[in-house]
Amino acid sequence: MTESVRRVLKIAFSEVGLHRVEANIQPNNVKSIKLIKRLHFRYEGFSPRYLYVDGQWRDHERWALLCDDGCS
């Protein structure tokens, strides 16, 4: 998964021209948080009741990677 997301990020930054990619992840999704940490995303904050999932409003952590942080 790490390599797949790394490839998507490369396309997003170099071919699409994005400056920023965000990941909003529920705090209990430990595997996804470990993945984005490996890819050097930075924690930006906590969003209470961010999305309605399975009949409940769920909190999320907001993580981001900027092109300035190492895009090719």
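Source: prediction; values computed, not measured. (Residues numbered from 1 in each chain as written. Predicted model: local features only at pLDDT ≥ 70, side-chain atom pairs only at ≥ 80, totals over all residues. Heavy atoms only, no water.)

1. Overview of the overall build of the protein
Where we set the bar: Only runs of H or I of at least four residues qualify as helices and only runs of E of at least two qualify as strands under DSSP, and these elements are numbered from the N terminus. Burial status follows relative accessibility: with a 1.4 Å probe on protein chains alone, a residue under 20% of its type maximum counts as buried, one over 50% as exposed, and anything between as partly exposed.
In terms of regular secondary structure, the protein is built from 2 helices and 3 strands. Secondary structure elements in the protein, listed N-terminal to C-terminal, are α-β-α-β-β. Along the first, second and third principal axes, the C-alpha set of the protein runs to 40 × 20 × 20 Å. Looking at the protein residue by residue over its 72 residues, the buried ones come to 26%.

2. Some points on unusual backbone geometry
Its identity as a non-glycine residue notwithstanding, R49 has a phi of 50 degrees, on the positive side. Along the polypeptide, R49 turns up in strand β2 (residues 42-53).

3. Structural notes on the packing of aromatic side chains
For clarity, the cut-off: Paired rings are identified among Phe, Tyr and Trp, the last through its six-membered ring, by centres lying within 6.5 Å, and are further divided according to the angle between planes into stacked (under 30 degrees), edge-to-face (over 60) and tilted (the rest).
With the rule as written, the count across this model stands at 2 aromatic pairs. Ring plane angle 70 degrees and centroid distance 5.3 Å describe the contact between Y43 and W63, whose orientation is recorded as edge-to-face. Residue Y43 is located in strand β2, and its partner W63 is located in strand β3 (residues 56-66); the two are separated by 20 residues in the primary sequence. Residue classification places W63 among the buried residues on the basis of a relative accessible area of 7%.

4. Here we look at the pairing of strand β1 (residues 20-25)
Using the following cut-off: DSSP calls a pair of strands paired once it identifies at least 2 bridges connecting them.
Only one face of β1 is buried, namely the one carrying V21, A23 and I25, since none of R20, E22 and N24 on the opposite face is buried. Here β1 pairs with β3 via 6 bridges, running antiparallel. Residue pairing across strands places E22 opposite A64, the latter belonging to β3.

5. Comments concerning the sheet that holds β3
For clarity, the cut-off: To get an axis, a line is fitted to the C-alpha atoms, and for a helix only the part in contact is used. The angle between two axes follows their N-to-C directions and goes from 0 to 180 degrees. Should any heavy atoms of two residues lie within 4.5 Å, those residues are counted as being in contact.
A sheet is described by the order of its strands in space; here 3 strands give the open sequence β1-β3-β2, paired in antiparallel fashion. Strands with a single pairing partner mark the edges of an open sheet, and in this sheet they are β1 and β2. Adjacent strand axes in the sheet meet at a mean angle of 30 degrees when their direction is disregarded. Running over the sheet, helix α1 (residues 2-15) touches β1 and β3 and is turned about 145 degrees from β1.

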